[in-house]
Amino acid sequence: RLGLSVCAVLTGLLLLIGAAGAADTKAPAGGDDSATDLAKQTQNPVANLISVPFQNNLSFGAGSKDNKDNVVWVLNIQPVIPFRISQHWNLITRTIVPIINQPSLFPQAENVFGMGDINPTVFLSPADPGKAIWGVGPTMTFPTGTDQHLTSGKYSAGPAAVGLFMDGPWVVGALVNQQWSFAGWGEGDVNAFLIQPFLNYNLPRGWYLSAAPIIT
């Protein structure tokens with residue numbers, strides 16, 4: 001299956017946290033440096049920044065052997081909200097809410113549209129990191145799918161971690177998690193590992209090149 005992803009960030013919702021105790025965060029002066037700095041912060045999964053990325057995914061060639069010319073559309077709404085819990089630590093929530101349009105993937109199957117399983121992750125991260133940044137915490141998946149074909153039917157949980165390095169125009173890192181199911185009505189057990197390395201090169205005026213494959 002071939003997939004295509006387009007990710008857009010609502011810059012109108014990119015707000016440096018003040019009420020959460022991050023009033024000491026300083027925005028850079030205007031110009032290209034300011035736009036590039038904001039872009040680099042949005043590339044950091046544990047940045048002290050509220051962001052609401054929308055990731056649009058199109059998967060081609062989905063379906064059974066005799067019905068494999070379908071395109072599955074998934075819109076991931078991924079709000080990231082940080083909280084300053086002490087002078088030295090931040091708590092960052094990162095939630096993935098998938099909206100899915102799934103055509104008929106095999107004979108007699110119906111098209112389904114709705115919400116998939118919600119996946120929140122909570123990271124504990126240093127409030128004042130250097131070039132190397134990290135976060136650890138739990139990740140969970142809830143069977144919130146609005147159709148039986150859009151959910152695993154399982155409650156799952158496990159550990160998650162993210163690490164990245166910022167140097168000049170480069171942002172390099174990886175996000176990793178492991179989940180096991182512990183309850184639910186779906187058939188079979190969930191034992192799912194995920195790693196997402198990411199590599200970003202920042203250009204002037206806030207533009208950047210990014211590669212972020214998801215390996216499961």
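Quick summary incoming for the structure in this document. (Residues numbered from 1 in each chain as written. Predicted model: local features only at pLDDT ≥ 70, side-chain atom pairs only at ≥ 80, totals over all residues. Heavy atoms only, no water.)

Observations regarding the overall build of the protein chain
- Helix and strand counts for the protein chain stand at 1 helix and 14 strands.
- Every one of the 216 residues in the protein chain was classed for burial, and the buried ones make up 39%.
- A fraction of 55% describes how many contacts in the protein chain between residues 6 or more apart in sequence connect residues 24 or more apart.
- For the protein chain, the exposed area adds up to about 12,000 Å²; of that, 62% sits on carbon and sulfur atoms. (Helix = DSSP H or I, 4+ residues; strand = E, 2+ residues; numbered from the N terminus. Buried < 20%, exposed > 50% of the residue type's maximum accessible area, 1.4 Å probe, protein only. Contact = heavy atoms within 4.5 Å. Areas by Shrake-Rupley, 256 points an atom, 1.4 Å probe, with all protein chains shown as cover.)

Notes on the nonpolar core
- The biggest cluster of nonpolar side chains holds 12 residues, and these are Val46, Val80, Ile92, Phe123, Ile133, Ala160, Val162, Leu164, Met166, Val171, Leu175 and Phe198.
- Mapped by element, the contributors of at least two residues to this core are strand S11 (154–167) and strand S12 (170–184).
- Broken down by element, this core gets its largest block of residues, 4 residues, from S11.
- Counting 7 residues, the second-largest nonpolar core is a separate cluster that includes Ala62, Val74, Leu105 and Leu150. (Core = buried A, V, L, I, M, F, W, Y, C linked by side-chain atoms within 4.5 Å.)

Examining the environment of aspartate 189
- Locating aspartate 189 in the fold gives a position in the loop between S12 and strand S13 (191–202).
- In sequence terms aspartate 189 and serine 156 are 33 residues apart; their C-alpha atoms lie 9.3 Å from each other.
- When neighbours within four sequence positions are excluded, aspartate 189 is seen to be in contact with Lys154 and Ser181.

Quick notes on the pattern of salt bridges
- Going through the model one piece at a time under the given rule, you end up with 1 salt bridge.
- Its salt-bridge partner being lysine 131, residue aspartate 167 comes within 3.2 Å of it at the nearest N-O pair. Of the two residues, aspartate 167 is situated in strand S11 and lysine 131 in the loop between strand S9 (119–126) and strand S10 (132–141); the sequence distance between them amounts to 36 residues.
- Owing to a relative accessible area of 36%, aspartate 167 belongs among the partly exposed residues under this scheme. (Salt bridge = Lys/Arg side-chain N within 4 Å of Asp/Glu carboxyl O.)

Comments concerning the environment of alanine 160
- Examined against the element boundaries, alanine 160 turns out to sit in strand S11.
- Among the residues examined, alanine 160 registers a relative accessible area of 7% and is labelled buried.
- Distance from alanine 160 to leucine 194, taken between C-alpha atoms, is 9.3 Å for residues 34 residues apart in sequence.
- When neighbours within four sequence positions are excluded, alanine 160 is seen to be in contact with Thr121, Phe123, Gly135, Val136, Gly137, Thr139, Val176 and Asn177.

Some points on the pairing of S13
- Across 11 bridges, the pairing between S12 and S13 is antiparallel. Paired with tryptophan 180 across the two strands is asparagine 191, which belongs to S13.
- Summarising the sheet, S13 and strand S14 (residues 208–211) pair through 4 bridges and their orientation is antiparallel. Directly across from asparagine 200, in S14, lies its bridge partner serine 210.
- Between S13 and S14, which pair antiparallel and follow one another directly, the connecting turn spans 5 residues, one of which, arginine 205, has a positive phi of 60 degrees. (Pairing = 2+ DSSP bridges.)

What about the packing of aromatic side chains?
- Tallying each qualifying case throughout the model produces 5 aromatic pairs.
- A centroid spacing of 5.9 Å and a plane angle of 70 degrees characterise the contact between tryptophan 89 and tryptophan 134, whose relative ring orientation is edge-to-face. Of the two residues, tryptophan 89 is situated in strand S7 (residues 89–102) and tryptophan 134 in strand S10; the sequence distance between them amounts to 45 residues.
- When its relative accessible area of 33% is taken as the criterion, tryptophan 89 is described as partly exposed.
- Summarising the aromatic geometry, the rings of tyrosine 155 and phenylalanine 182 are spaced 6.4 Å apart at their centres and angled 40 degrees between planes, so their arrangement reads as tilted. Pair noted here: tyrosine 155 is in strand S11 and phenylalanine 182 is in strand S12, with a separation of 27 residues, a long-range link.
- Among the aromatic residues, those joined into a cluster by ring pairs are Phe142, Tyr155 and Phe182. (Phe/Tyr/Trp six-rings, centres within 6.5 Å; stacked < 30°, edge-to-face > 60°.)

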